[in-house]
Every structure is written in structure tokens, then in C-alpha cells.
Amino acid sequence: MSEFDAIVVGAGPAGTSAASKMASSGLNVLLVERGDPPGSKSVSGGILWGRELSNLYPDWEKSAPLERFISNKVTGFLTEDSYVGIDFKTKKFEREKTGYSVLRTRLDGWMAKKAKEAGATVITGITVDGLAWEDKKVVGIRQADDTITSDVVVLAEGANPRVAIDEGLRAPISDKDVAIGIKQVVKLSEQTINERFNLRNGAGLAAEFSLGFLKNGVMAGGFLYTNKDTISAGVVIDIAGLRKDNKTYSFDIMDQFINHPYIAPYLENGQLQEYSAHLVCEGGINYVPKLYGNGYVIAGDSAGLSFSNGMVIQGMNYAIASGISAAKAAVKCKEKGHYGESDLAYYDELMQHSQAIEDMRKFKGITGVTWSPMIHEFLPKFAENVLHDMFYETGEPKKHLFEIAMENLIGSRYDKKKLLLESYRMMRKM
Amino acid sequence: MNIEEKLSVLNYKTDPTYEHITVNPSICEVCPDNFCTFACPASCYKMIDGKLNFKYEDCVECGTCFVACSHGSVKWTNPKGSQGIKYKLG
Amino acid sequence: MVGLLFAKPVDKPEEYKNVFVYLENGQGKLKRVALEMIGIGKQLASKVNEELVGILIGNDIEDMAKEAASYGCDRVIGTQSKDLADFRTVPYANIVGDIVLKEKPNVFLIPATRNGRDLASRIAVKCQAGVTADCTELDIEADTHILSAHRPTYGESMLAEILCRKHRPQMATARAGIFKVPDRSGEPPKGKIEINNVKIDKEYLVKEILEFRKKEKIDLTAAETVVSGGLGLGGPEGFKQIEQLAKVLGGEVGASRPTADLGWISRDHQVGQTGTTVRPKLYVAAGISGKIQHIMGMKNSETIIAINTDPNAEIVKYSDYFINDDVKKVIPALIKALKNYKPEAKDAAKAEAVSK
Amino acid sequence: MVLEIVVMVKQVPDSQEVVIDPVTMNLNRSLTRNVTNKADENALEAALSIKDKTPAKITIVSMGPPQTESTMIECLARGADRAVLVSDRAFGGADTYPTGLTVASAISKLEHFDVIIAGEESSDSSTGHVGPGVAEFLGIEQITYCSKIEYSKGHITAERELEDGTEVVRCPVPVLITMLLGSNFPRRQSLRRKIDATKKGIELWNLEKLGLQPEWVGVRGSPTIVRRMQSIKERERAGKRITIETIPEMVKELYEKNILKVKK
């Protein structure tokens, strides 16, 4: 007899969702989180797309600690001197309200509380050392000299899954699988944020940028998310490019981003509240390990479930979805009274048909685009030059846009044929 | 603001009894790239007088160095209990 | 067991008169803080035209009692015994408690030192009265004789004014190093000295003092100049520069909390809310951003020089001089400038006049 | 016979997170989380290290609102045996006097105690008065500001850190000890113990259980009142900008203003 039906390692969105769903289905659940309180080890890029959450808590928008709903989405290029961007606003976002900026210590704390209310035993401030095995089956977890047993262990450790890696349940992480995420949260008054970003009534902005001013093949994206009375500003840095250069400090890229002439004014006079860093899963479908085994399942970032095509970034919603699916599988196993590998395969089955895996499969190879010189070097410069030539009054006869574009294309050091192919590939993959 | 000053706004519960990350000096001594010093967002890895200096106390537990070190020097574990970084916003 | 006595308001507060202070001594000498208590006690007593009374306990205390009187005590109530040579909570508390219950002071001040705090709330319980801890400002209302006790709170950013209207005596512990030592009168002291020789019952002497090891440590509170380093130094090696500068200035080395947390320097150098509070003539904050914890420990320094790469660092607001550059470059330049400084003739003469 | 140790703990706002709103100058509570008072963790560790060598039972006693339970479960997870939370609306707003009275009253309701250990002070109010108050109510000796304690044959030997030195003290039980902040490193919590403690919960005692009068405790039983709070006004400082080049001028000014004195 195991002490628990299920043990969940990690109280992030994936773990708390799994624990809550299992507990409310009558399972005896232990949720263990090393941070105390939950969320004190978490960092997120910022936007929670909440549709998945409504499966768990239909009224989540009323009680969850949300910062601002996203009414305004920006995608842009930053070069040394310029900014070119698409700025999209729609009243539809305001009516639908699915995306919210969140701060994780608050969100995770709320979700852990919900799991506790559902009946899970929530333990914080304790690090799980590893798994307990018996006859090649996971039978629980190890902490210090103790073993706590359960029929199934849900590993929801986040982007740096120590237990899963150390127990050989997933490959160690490589340059292609993750990027370095760095974030600063800056305090400004709610009013100042509203004024600077032209926002009203709890509306917020989510902006992502390609940092075209970086040199030597170093590639990074930048982001700005508005919270209630803070702004989350950060960068996501490609490790392979940084390694190749081996001269640029990751934290300097963060500094360059927030000091960019078109970013700095947003943050001016803001007081730094927090500096944080976190790995961002970028590996796509290739990075997703086998999601289940004898007595265990892997969920959320630990399973590499995240998506980014440079314009849409998702992670927490996948985590919640995978947590719920893991719970469904565990509940089914409990009904059968059997938690073997073939039983837990149901989790995989659910996931293979989930939006998460389908998105990731569809956008397979997207990182080749999101982390391409095309996006991070050529396009920003090209857009800057074309727009500059178009708008700049020289006193000479005007040119057609096509003419300007062609001149800039010819003037660039890129192989034209390759560029064409690249653009085609980009359109297809995005 | 330099990185040290940024880190100074953070709340750490440093564990003097357990270093959750360790490096192998014999590997670092002959390291050709010292990429950890560039990758680590908290500047825990520094070259001082040509030698690698690592301090775990400033670690924000992102895991970057574990990926960055391609020579097998970095041994990464989670801090014990709730020691280490304690974000107030996340 | 003394019993679970609740705090009891007194019926006739007007019966309680005079300001009493506890005269802390150690190794047979009045502590400086005892003189500080006389200073503030005298101030309060004169405002309401009452007497200042000192309570002194120890062994062979006559000289100390005379000294207290010469600093302004109108009366010194002394209690001595060879068993009272060392501070021991229970017998000390019993004696002080009995005196206070009998004498009915209106105000009773105890220094907020470790032994003072050890004693204070025990006396309060004996008298069923309140005590305000760790005061930095004390005043008394001339008409009502109500003590207005101010103490810093919320990380020393706020000052709370605390009253104790209905209970007597109005007790407070007062922080060391804040209140002025009064001038010593030249003539033989006028104050009345009463010394009682007592025998202490063995049952109150259960606590034995086995040994006292005097500390040979840095004393930041007494330093005229403090040079402190923070995370901006970049590593423990940065404190070498700090030491050099401190040496040139003839001061002590301080540190911000994170540097002590990181083990760059030992804890006894830490300046701040959780470390030592300093108020030197000159404070140099090198590479310290100025978290509130640190500011609280140094903001009362006479002159503050901040060295920082960040022009928006919090410390800038607290600085008289701000050098916006890297500590590594600034300190050598500063040391050079100090060594090169040659006073002009008239300045030298002025300096001489001052030092005389 | 086992040694009965009582450890007094308090839940406080995390001092590293205390954020003062620059506009209102009030504590920004939305950003401040509650934690176990650090010095109390040192008190518990001191108790646990006695228990490592001597058969002992450790009872945690705290006065506070119901959420103090998390602090007490933490103590049980580190190795304490029993936890009593004294909680009642009537206790709210207490100054040090009724706090000491309430805690002492709870301790006196335990079957027996030999040693009481508390932290030197709480990080939120920093008075250090509650421990000695409890000792007075219970009529026992005390050893405050200890950096080290040891128990042997009915006696505690302790090192007290004073402003000017270290005092080595020996005292028979019963005695109350207060431990210095940072005097030891608190051991880790055990998952097994924490699960058990979470499932079992803690003991809640209210005013009635203690048999105290409502006017003796809480704000009503407090002799001191806060008349007002004001922000500490800072002296305006010039913040005169100096560069590497103008350092000699600053040095000259410091001498001229007599902040630095010319050595003869």
C-alpha cells in the first residue's frame, strides 16, 4: 500500500493543476514544492492564456491574482537607432479577455491554495532529492533519509528539471533546447503605466521585440509586459549564438535592451523591484521526452511543453493542460487499480491530441526561424532602411516603395536567392 | 545599474552548509572558453586574475550554467529546503 | 512563581513623582550609557521641577555613586553586596523592583543595552506597568507629567510616539549613544547618596558568572570616520582598497549586509539595521546602492560621500558628495588627493586653532 | 525523565521584504510575506541540539493569528514534538506586557517545563522584552543574548554576548534562555515530519482555555499606546556631484569645513 495515490513534484501551473484535479477526483495527493511560499522560485515571461484554466476553475478570472488583460499586442524590431513594429489593438481582446499578465509568486500561491482546497496535502519549503524505485517502477520520492511512497509521481519541476534529469527520465539540456530568460520588474504607478502605454480600465500590453542591434551573431528577443503597477521587461537569449561569440555577457544584453532609446522612456524613473532569470524551453517537439513511464509522468516545462514562433509565446497554458491530462490519466489508473507504464500511456494519448503537442508538431523547426539571422539581423536592418528612405525628405525625386526595397536588398550583403528561400521558409513555418 | 546592484534588490536565504552548485577546478583550470562567465545572468562566474571564481550565493537558480558548461564541470542540484533565491514577484 | 499579574492602572498617578534612572555599571565602573541616562533624566526632571534619582547596584559602589551625583543626580540610591558585583537578573530585578515600588517614581529610564533590556521588562512586570523599548527621543508634558517616548519602527523609517497614560512608573529603555552626557560639575556633588549594604539570599544566586572575556573588536560606533564597501566592490578583494582608504582617513572599515552575507568580510563590520548603527563625522559608502536596511544604519552621519556607478542609486539621496564612477578608480584617486593635500597657510592656522 | 523544553516563536513579516511605500511612508503589506522570526529559528535549533544529546521533548508555543500555523508546522518539521498556538481575537494589539502574560500563562498550563528558549527579539518590533517578561511571570532566572548553550545534569551553561565582551554563565533549570540571531544554523525540515504535522495539525488554545480575563490581554491589557506615527524626516543633503578630476577639490572642501583634520 502506498501512502499516497499520487505525489506531485513542483507547485507551478502544471503541478498545482494536476494536484487539484486529482484531489478533487478523490485521490489522496501530496504536492511538494521547494519554494516557500509557492512561486518564490518561479519566473515567467508574463502572459497567462487562461482558457485551459477555465476547465479547472470556471470562475478563475474573478479570483485569480491577475495583473492586466492583454488588449494590445506589439511585435517589433529594434536596431541601434530605430524601432519598427506592428502594434495591434482590438476591442475583441477586451471582450474576450483570455490573456493576462501575471506575476508568478501570486499566481502559484493562488493555484497551490486551490489545490489545497481541493484536498491535496501541500508541503512547501522542501526539496525532493530523487525518486524511489522498485523493480524498475517508480514507487515514490526520496527526501533526506526518507521515502514517501505513491502509486504515481507527477514530475512538474519546471524548465530545469533536476529530478527528471538525474533519474535519467529525460536527456540533459542542450543549447538548442532552451534559451536564457532574464527579467527585470520595474515599479511605476498604475497611472504612469496607463499614460505611457495609453491603457485604460485594467488593459495591458504584451510586446515582443527582435533585438537587431546585437552584434557578432548574438541573438535575443526582448519583451515588455505591463502589470498592474509594475512592468516586466526582459530578454530571451539564444545560447548557441552567445556561445559562438563568447564575448557578450547575458546580463549586458538585458541592460542594452532596457536602455534602448525606444524602450528606456517606458521604464524611466521606475524603481527596480526584482531581477530574475529562468530557462525558456525552445526545443519544440524534438525536446519533448517520453512523457510517461512505469509509475511516473512528466508535465509542463519539465516536458519541454512550450511554444514560441516569435509572435505568440505560450507555456503556462500548456503546463495547465498537461497537468490536467496527467491527472485524468492518474484518475483512470486509480479506477483500474493499476499504474503501470501501459496504463499511464493514456496521458501520452491525451497529450498527443492536445493543442500543445499539435501546435508544437505543426511548428516543428520553428526555432530555426525564430533564432535565424534573418529575423535577428537582416529584417530589422532592412525594415529600418526601407522606412528611413521612404520617410526621409532628401529633396530628390521620390521613389516607389519597390524601388527602395530593391535598392536596400541589393545593398545588403545577403545572398538574394537565399533570402527569398528564407522568407518562404519563414512564412511556412510561422 | 551594474549587475551587483541589481542582485542587491533580491532576497536570498543563503545556505552556508550546502553549495547547490559545484564546479570542478581541475576542469575549469584548462577551460578554453569560460563561457559560463558570459552566460550566467547573475554573474556568479567571474575570471579573476586568470582564474575562475564561482560563488553560489548570488545564484538565481535558472540552470543556465548547467547548459552553458560543455566540459562537464558544473554539477547542478537544487538548494535544500527553501534556501536560496526567494522571489517576491516572479 | 510571581503570578500572572495583569498590567494595572494606578488610581492616583499624581502620587508618583520624580525621574529615576538605572545606573548601569560594569567591572566596577559607571558605563558611559549611565551618564547618558543622567543627561536625559535631568532634562526631563527639570522640565517638571522634580528630582533626578539614580539607582545603582553593585559591589563597592561609593565612587560610582559620587560620580553619578557629580553628573547631576539629586539623589543616588545604592545597594551593595559582594554577591552583586556581577549583573545577575533575579537579584538585580528584585532590588530595583523593590526600590521602584517603594519610591513610586513617575518616570523610570533604563538603558537599552543588553543587560538593561534583560532587566527592564522584569521590573515592568513587578510594577504592573508598561515599558517602551529602545527610545531615541524622550520628552515630558509639563502639565500632565506624561512621558512622550519616541521609538523608531518599520525598519526605522517611522517614528512612533508612545504614551503610557494610566500606569506608573512610566518606563522606557533608551538607546545608547543617542543622549548627551551632561557636564560634570566642578564642586563636590550636592546630590544625596544613600548606600545600603545587603545580604543576598542564596536562593536568588542560582546563576553563576563563570568567566568574562573582554572583547577586542572593532568599534564602529566610536569611529570618527567609517569607510564602507558594498556589492559594487565586485568581490572580497575590493575590501583591500576600502582598508587602504580607511587607513589614510584614520577610520574603520564598514560593510553592507550582502557583502557580509557573502562572506566578503566578517559580520562585525556590517553597518545597518541588522548590523551596527553608526553616526561618524564622515561616512564613505563605496559601491553601496543604499537599501533601506543600510541607510538606517548610517544616515545620521555628519557628512556622507557616496561612490557609485549608478546615478539613480538610493544612496545618492543621502549623500553630501556623490562620485558617479567605479569604486576601483575612485578610491586610488581619493587616496592620492588626500595624501597630496597641502593646507593653505591660513587653513593650517585655523586647523591649529580648532585643535587647541 | 525527559527534559521538557519550551520554545517561544513568533511569525513576523519577512524583514528582507519589508517595503516602505515611498509616498505614504507606510509598510507595503501587499508585498510582505510572513515568515518565522529568524532568531526564533535559532532558539529552536538550540533546543534541538540539546535534544540531540539528552532525551527531551520540545513544545512550541506561539501567540498569533491562525496563519501562524505555517510557522509552527515548520518547527514540527524541523524536529519539535508538540505545537500550541495561543490564538484569540482578544489577544490582538497586545504590547509586550500582555504578550508576556499570555505566553507565560500558556506555558504554565503545560504539565511541566525545564527550559524555555526564545529568540533575542522579534524582527518586527525589536524590543527583546517578551522573553524576560515571561521569565518574570513564571518567577525563573534567565540568560539572555546567548550565542551558545549546553545542557548537562540539570544545568544550562551559556555564553552571553554583551556589548563589551562575552560572559560565561551557569544556571540550574528552570531557566529562560534567549538566543542571538544567527547564533546557529537551523537544521532542515524533514518532508516526513512535515507531512505528519500537516495532517495532524496543531493545538489551538483560546482565551477561555488560558483562563485569563479579556481586559488583561490584547490591546485592552496593554499599558502603552501609540499616540502617533510619523515618518522620520531626513535632512536634505546636497548630493554634490564630484568626478575623478574634481576629487582634490572635494578633499580641500572637507578640510576647510573641518570634517577632515590636518594631522600634525
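Relevant structure appears above.
On a predicted model such as this, the values are computed, not experimentally measured, just so you know. (Residues numbered from 1 in each chain as written. Chains lettered and ligands numbered in written order. Predicted model: local features only at pLDDT ≥ 70, side-chain atom pairs only at ≥ 80, totals over all residues. Heavy atoms only, no water.)

Draft legend 1. Spotlight on helix 8 (residues 327-340) of chain C. Between its terminal C-alpha atoms helix 8 of chain C stretches 20 Å, which fits the 20 Å expected from 14 residues at 1.5 Å a residue. Taken together, the buried positions of helix 8 of chain C are occupied by Val327, Val330, Ile331, Ala333, Leu334, Ile335, Ala337 and Leu338 of chain C. Looking at the buried residues of helix 8 of chain C, the elements they touch are helix 5 (238-249), strand 16 (282-286), strand 17 (303-307) and strand 18 (321-323) of chain C together with helix 7 (247-256) of chain D. (Helix = DSSP H or I, 4+ residues; strand = E, 2+ residues; numbered from the N terminus. Expected span 1.5 Å × (residues − 1). Buried < 20%, exposed > 50% of the residue type's maximum accessible area, 1.4 Å probe, protein only. Contact = heavy atoms within 4.5 Å.)

Draft legend 2. Highlighting the interface of chain A and chain D. The partner chain D presents 11 residues to the 20 residues of chain A that form the contact. Counting across the interface, chain A meets chain D through 1 salt bridge. Across the salt bridge formed by Arg192 of chain D and Glu3 of chain A, the nearest N and O atoms sit 2.5 Å from each other. There are 4 residue pairs in polar contact (both at pLDDT 80 or more) connecting chain A and chain D. Mapped onto the side of chain A that touches chain D, the elements with two or more residues apiece are strand 2 (29-33), helix 5 (104-117), strand 7 (121-124), strand 9 (137-143) and strand 10 (146-155) of chain A. Grouping the amino acids of the side of chain A that touches chain D by side-chain chemistry returns 8 nonpolar, 8 polar and 4 charged. (Salt bridge = Lys/Arg side-chain N within 4 Å of Asp/Glu carboxyl O. Polar contact = N/O pair within 3.5 Å; in protein donor to acceptor, adjacent residues only side chain to side chain. Nonpolar A, V, L, I, M, F, W, Y, C, P; charged D, E, K, R; others polar.)

Draft legend 3. Spatial organisation of the pairing of strand 17 of chain C. Residue and element names in this part refer to chain C. In terms of burial, strand 17 is largely enclosed, as 5 of its 5 residues are buried. Taken together, the 5 bridges between strand 16 and strand 17 define a ladder with parallel strand orientation. Along strand 17, the bridge assignment pairs Val284 with Ile305. Regarding topology, helix 7 (residues 292-298) serves as the crossover connection from strand 16 to the parallel strand 17, and that connection is right-handed. Examined bridge by bridge, strand 17 and strand 18 share 3 bridges and lie parallel to one another. What sits directly across from Ile307, in strand 18, is Ile323. (Pairing = 2+ DSSP bridges. Right-handed = clockwise from strand over helix to strand, strands pointing away.)

Draft legend 4. Molecular detail of the pattern of salt bridges. Residue and element names in this part refer to chain C. In total, this model carries 65 salt bridges over all chains according to the counting rule given. Among the ionic pairs, Lys31 bridges to Glu24, the shortest N-O distance being 3.4 Å. Among the ionic pairs, Asp134 bridges to Arg117, the shortest N-O distance being 3.5 Å. Taken together, the residues Asp134 in strand 7 (residues 131-135) and Arg117 in helix 4 (residues 114-127) connect sequence positions 17 residues apart.

Draft legend 5. Representation of the packing of helix 8 of chain C against helix 7 of chain D within the structure. It is the contact of helix 8 of chain C with helix 7 of chain D, at a shortest axis distance of 9 Å, that shows an interaxial angle of 50°. As far as their axial angle goes, helix 7 of chain D and helix 8 of chain C are oblique. The way helix 8 of chain C lies across helix 7 of chain D gives a crossing that is right-handed. Residue-level contacts link Val330, Ala333, Leu334, Ala337 and Leu338 of chain C of helix 8 of chain C to Ile247, Pro248, Met250, Val251 and Tyr255 of chain D of helix 7 of chain D. Tallied by class, the residues present in the contact of helix 8 of chain C with helix 7 of chain D amount to 10 nonpolar, no polar and no charged. (Axes fitted to C-alpha atoms, helices over the stretch in contact; angles between N-to-C directions. Parallel < 35°, antiparallel > 145°, perpendicular 65-115°, else oblique. Left-handed = near helix turned anticlockwise from the far one by under 90°.)

Draft legend 6. The arrangement of the interface of chain C and chain D in detail. Contact residues are listed per partner, giving 98 residues for chain C and 87 residues for chain D. Interface of chain C and chain D: buried area, both sides summed, is about 8,400 Å²; carbon and sulfur atoms make up 55% of it. Counting the surface chain C buries against chain D, the share from its top three residues, Leu4, Arg114 and Tyr321 of chain C, is 10%. The tally of links between chain C and chain D comes to 13 salt bridges. One salt bridge in this structure joins Arg237 of chain D and Asp320 of chain C, with 2.6 Å as the shortest N-O distance. Inspection of the region where chain C meets chain D yields 41 residue pairs in polar contact (both at pLDDT 80 or more). By residue number, the principal contributor to the side of chain C that touches chain D is helix 4 of chain C, which donates 10 residues. Note that strand 13 (residues 208-214) of chain C and strand 9 (residues 165-172) of chain D share 6 bridges and pair antiparallel. Residue pairing in the sheet places Glu211 of chain C in a bridge with Val168 of chain D of strand 9 of chain D. (Buried area = accessible area lost by both parts, 1.4 Å probe.)

Draft legend 7. Quick look at the arrangement of the chains. In this assembly, 5 pairs of chains are in contact, and the pair contributing the most contacts is chains C and D. Spatially, chain A is disjoint from chain C: no contact exists, and the shortest C-alpha separation is 9 Å.

Draft legend 8. Expanded view of the sheet that holds strand 10 (residues 158-163) of chain C. With antiparallel pairing, 4 strands are arranged side by side in an open sheet as 8(C)-9(C)-10(C)-12(D). The sheet is open, and its two edges are formed by strand 8 (137-140) of chain C together with strand 12 (225-231) of chain D, each paired on a single side. Taking the axes of each pair of neighbouring strands and ignoring which way they run, one obtains an average angle of 25° across the sheet. Sheet analysis places strand 9 (residues 147-153) of chain C next to strand 10 of chain C, joined by 5 bridges and oriented antiparallel. Bridge pairing in strand 10 of chain C places Ala149 of chain C opposite Ile162 of chain C. The strands touched by helix 1 (residues 32-47) of chain C are strand 8 and strand 9 of chain C; relative to strand 8 of chain C, the strand with the most contacts, the crossing angle is about 20°.

Draft legend 9. Structural view of a nonpolar patch on the surface. A cluster of nonpolar side chains, contributed by Met390, Phe391 and Leu401 of chain A, occupies part of the molecular surface with about 330 Å² of accessible area. When its relative accessible area of 48% is taken as the criterion, Leu401 of chain A is described as partly exposed. (Patch = residues over 30% accessible without salt bridge, like charges linked within 9 Å, V, L, I, M, F, W, Y side chains within 5 Å. Areas by Shrake-Rupley, 256 points an atom, 1.4 Å probe, with all protein chains shown as cover.)

Draft legend 10. Main features of the state of the cysteines. Residue and element names in this part refer to chain C. Per the counting criterion, the structure on display carries 0 disulfides over all chains. Between Cys73, a cysteine without a disulfide, and Cys127, which holds the nearest cysteine sulfur, the sulfur-to-sulfur distance is 19 Å. In this structure Cys127 is not part of a disulfide, and its nearest cysteine sulfur, from Cys164, lies 11 Å away. (Disulfide = S-S within 2.5 Å.)

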